[in-house]
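# Results of the structural survey
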Amino acid sequence: MSSSGGRKLAHVALLPSAGMGHLTPFLRLAALLVSRNVQVTFITPHPTVSLTESRALSTFFASFPQIKQKQFHLLQAEKNSFDPFFNHIELIKSSGHLLPPLLSALTPSLSVFITDMTLASAVIPITQAISLPTYVLFTSSAKMMTLFLSYPSLAGSRALDDLEETGVIKIRNLELMPKSLVPPPLLQKSDNFLKKSFVEESGKVIESSGILVNTFVSFEFESLGKINDGEVLERPPSVVAIGPLPPYDSEKSRSQLAWLDDKPAGSVLYVSFGSRTALARDQIRELGVGLITSGSRFVWVVKNNIVDKEDGQELEEVIGHELMERVKEKGLIVKSWVQQEYILSHPAVGGFLSHCGWNSVMEAAWNGVRILAWPQNGDQKVNADVVERIGLGTWVRSWGWSGEKLVSGAEIAERIRECMGDESLRIQTLGIKEDARKAVGFGGSSDKGLTELISKWNQF
Ligand code: UDP
Ligand code: UDP
Ligand code: UDP
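All values derive from a computational prediction rather than experimental measurement.

## What to know about the confidence of the model for the protein
Scored by pLDDT, the protein comes out at a mean of 93, with 97% of its residues at no less than 70. With a pTM of 0.92, the predicted complex shows an ipTM of 0.87.

Right, here's the structure in full:
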């Protein structure tokens, strides 16, 4: 803790998990805390899985010299999962015993620690042992959090067995969500990474001092209410919605996309499935056909591999020569990292064909861009359901999970035309943008939530 003009200031350390979907909200939170005069130390697990993460970190620390970076050198470990990001989460967790010396060397001493929900079971016992109040940043939706918090009791109960009949996940008297939204590994009888993680992490998250979530009250009113009113768990840690976490300045820098500049307002569809979801080759090609026949302008980020370091193929190899030529007529196609914030905030962009990773959803809300949801796996159907209910976009449920079926180009084209032509959806999303800005603006619900937390931390 340190003081400024006699006032105590909190010193907060942040430890993110693996992948841009986890790193980005931590970086945004760090930037936000600094803007509120909080002292921030950012702990970076080293190495990172993707090149994109290490580049994002370099740019970030260059823009925020006042944020102290501490490298957390990870041990080597066996790789148990097919998913490199899941392996890395395990690696960070198994290196947890290296944290105490790192933390005790920090000056001034820490007031608060913030970590990711995927790391709670490794971190919380360590910070508890040194009486360091620890908060969890939940990087998905509040609706996903209802499932996350209730999962340990569900997994050990008949509720999952009964699903065949009811088709609905129930906790106590509450109908939580239809089975069709739940990430399939969580419903499997056999052990798997996600199941194990949900049980272990959720069990520790409830021992945290509180949970921060990148959402806002008017967007997920019901889910936040269910948790904080004790309907999901009897005594949950307090959950504070602090989103949408605003992008920081260096995220908005112009990239390779001058192409957008002369396109009419709202006429371009942005197509991306996030930082770690690769579509199958045949589905990528159908999507290409869909984009061309939709008649819409588009910026399409093609992703062919989960991890950028392993993606050596040329774009033309992935989508084929003929499609490549046709795509150029109406669209811009890239096979690299783009500044999504720059694209979504560009006036030419009116729609977003998205997998509904939660950061993407919040970014669409922040910029008032409507979503055509195409969830692929994990928490994405739960998030797509939130998007559809609140009126930020549309979702074709019959497209299923990734790999369940090949969605044809003709069908994709039709849905794109519907979404881009939907005037009432356009107006609705502008209203959501206004609500998002109000939530984080002075006196808004997210602003108040964060202000209260920081004044509490200043007392620690
Ligand atoms: N993103 C980006 N450029 C890309 C792909 C992704 O800037 O080419 C950003 C996106 O804006 C978001 C994050 O990476 O902040 C991805 O997180 P999200 O939760 O949307 O999905 P995930 O990648 O975790 O599936
Ligand atoms: N809701 C509300 N006020 C708001 C936002 C939502 O009363 O500002 C209501 C809305 O009518 C909707 C319900 O809360 O029926 C669920 O909203 P949402 O889909 O955002 O929450 P979730 O389904 O994620 O719990
Ligand atoms: N998740 C978790 N523990 C883990 C890995 C993932 O709680 O060790 C959560 C994750 O944040 C999301 C859901 O499980 O809410 C589905 O994860 P996904 O496969 O989409 O991975 P993510 O990109 O979110 O890490």
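## A closer look at the packing of helix α14 (residues 358-367) against helix α17 (residues 423-440)
As a packed pair, α14 and α17 sit with axes 6 Å apart at the nearest point and diverge in direction by 100 degrees. When the interaxial angle is binned, α14 and α17 end up roughly perpendicular. Residues Ala365, Trp366 and Asn367 of α14 pack against Ile432, Lys433, Ala436, Arg437 and Val440 of α17. In terms of residue class, the contact of α14 with α17 is built from five nonpolar, one polar and two charged.

## Some words on the site of ligand 3
Lining the immediate surroundings of ligand 3 are 15 residues, of which His22, Met117, Phe193, Ser197 and Phe198 lie closest. Side-chain polar atom of serine 197 to a nitrogen atom of ligand 3: 2.6 Å apart, as the coordinates give it. In this structure, an oxygen atom belonging to ligand 3 sits 3.4 Å away from a side-chain N or O atom of aspartate 379. When contributions to the shell around ligand 3 are tallied by element, the ones reaching two or more residues are α3 (84-94), α6 (142-155) and α8 (193-205). If one sorts the elements of the shell around ligand 3 by residue count, α8 sits on top with four residues. For the shell around ligand 3, the class distribution of residues is eight nonpolar, five polar and two charged.

## Quick word on the site of ligand 1
Near ligand 1, the surroundings consist of 14 residues, among which Ser275, Val338, Asn359, Ser360 and Glu363 are the closest. Histidine 355 places a polar side-chain atom, nitrogen or oxygen, 2.8 Å from an oxygen atom of ligand 1. The separation between an oxygen atom of ligand 1 and a polar side-chain atom of glutamate 363 is 2.6 Å. For ligand 1, whose free accessible area comes to 530 Å², the fraction covered by protein is 92%. Elements represented by at least two residues in the shell around ligand 1 include exactly α1 (20-35) and α14.

## Let's talk about unusual backbone geometry
Note the cis peptide between histidine 46 and proline 47, where omega equals 0 degrees. By the element assignment, proline 47 lies in the loop between β4 (39-46) and α2 (51-63). Cis geometry is adopted by the peptide bond preceding proline 244, which originates at glycine 243 and carries an omega value of -10 degrees. Among the structural elements, proline 244 can be located in the loop between β11 (239-241) and β12 (268-272). If you check the backbone angles, asparagine 37 has positive phi at about 65 degrees while not being a glycine.

## Thoughts on the pairing of strand β13 (residues 297-301)
Most of β13 sits out of view: four of its five residues are buried. Examined bridge by bridge, β12 and β13 share four bridges and lie parallel to one another. Residue pairing across strands places tyrosine 270 opposite valine 299, the latter belonging to β13. This β-α-β element, β12 to helix α10 (residues 281-294) to β13, shows right-handed connectivity. As paired elements, β13 and strand β14 (residues 331-334) share four bridges and run parallel to each other. Paired with valine 299 across the two strands is leucine 332, which belongs to β14.

## A short note on the environment of threonine 146
Among the structural elements, threonine 146 can be located in helix α6. Residue classification places threonine 146 among the buried residues on the basis of a relative accessible area of 2%.

## Regarding empty space enclosed by the protein
Overall, the coordinates contain two cavities of 30 Å³ or more when judged by the stated rule. For the largest cavity, the calculated volume is near 90 Å³. Pro16, Ser17, Pro45, Thr48 and Glu53 are the residues nearest the centre of the largest cavity, which is lined by 14 residues in total. Counting only elements with at least two residues in the lining of the largest cavity, the list comes to β4, α2 and α3.

## Describing the side chain of serine 250
Mapped onto the fold, serine 250 is located in the loop between β11 and β12. Overall, serine 250 belongs to the buried group, its relative accessible area being 18%. Looking at serine 250, its side chain comes within polar contact range of the side chain of serine 63, at 3.2 Å. Beyond its immediate stretch of four places on either side in the chain, serine 250 contacts Thr59, Ser63 and Gln339.

## Thoughts on the pattern of salt bridges
Throughout the structure, instances matching the rule amount to 19 salt bridges. Note that glutamate 325 is salt-bridged to lysine 328, the shortest N-O span being 3.3 Å. Separated by three residues within a single helix, glutamate 325 and lysine 328 lie in helix α12 (residues 321-330), roughly one turn from each other. The class for lysine 328 is partly exposed, based on a relative accessible area of 48%. Across the salt bridge formed by glutamate 411 and arginine 415, the nearest N and O atoms sit 3.9 Å from each other. Placement of both glutamate 411 and arginine 415 in helix α16 (residues 409-420) is noted, with a separation of four residues, approximately one turn of the helix.

## Brief notes about α12
Looking only at α12, the buried set comprises Leu323, Met324 and Val327. Looking down the long axis of α12, one finds its buried residues gathered within 100 degrees of arc, a one-sided arrangement. Opposite the buried face of α12, by more than 90 degrees, sit the exposed residues Glu322 and Glu329. Where α12 is buried, its residues touch α10, β13, α11 (315-319) and β14.

## Description of the side chain of serine 95
Summarising the element assignment, serine 95 is placed in the loop between α3 and α4 (99-104). One polar contact links the side chain of serine 95 to the main-chain carbonyl oxygen of leucine 91, over a distance of 2.9 Å. Apart from the residues within four sequence positions on either side, serine 95 is in contact with Phe72, Leu74 and Leu75.

Each value, and the rule that gives it
Residues numbered from 1 in each chain as written. Chains lettered and ligands numbered in written order. Predicted model: local features only at pLDDT ≥ 70, side-chain atom pairs only at ≥ 80, totals over all residues. Heavy atoms only, no water. pLDDT = per-residue confidence, 0-100. Axes fitted to C-alpha atoms, helices over the stretch in contact; angles between N-to-C directions. Helix = DSSP H or I, 4+ residues; strand = E, 2+ residues; numbered from the N terminus. Parallel < 35°, antiparallel > 145°, perpendicular 65-115°, else oblique. Contact = heavy atoms within 4.5 Å. Nonpolar A, V, L, I, M, F, W, Y, C, P; charged D, E, K, R; others polar. Near = heavy atom within 4 Å. Polar contact = N/O pair within 3.5 Å; in protein donor to acceptor, adjacent residues only side chain to side chain. Areas by Shrake-Rupley, 256 points an atom, 1.4 Å probe, with all protein chains shown as cover. Buried < 20%, exposed > 50% of the residue type's maximum accessible area, 1.4 Å probe, protein only. Pairing = 2+ DSSP bridges. Right-handed = clockwise from strand over helix to strand, strands pointing away. 1 Å grid on protein atoms, 1.4 Å probe; cavity = no way out; pocket = protein on both sides within 12 Å on 5 of 7 lines; lining within 4 Å. Points joined across faces, edges and corners; volume = space filled by probe spheres on them. Salt bridge = Lys/Arg side-chain N within 4 Å of Asp/Glu carboxyl O. Arc of directions from axis to C-beta.

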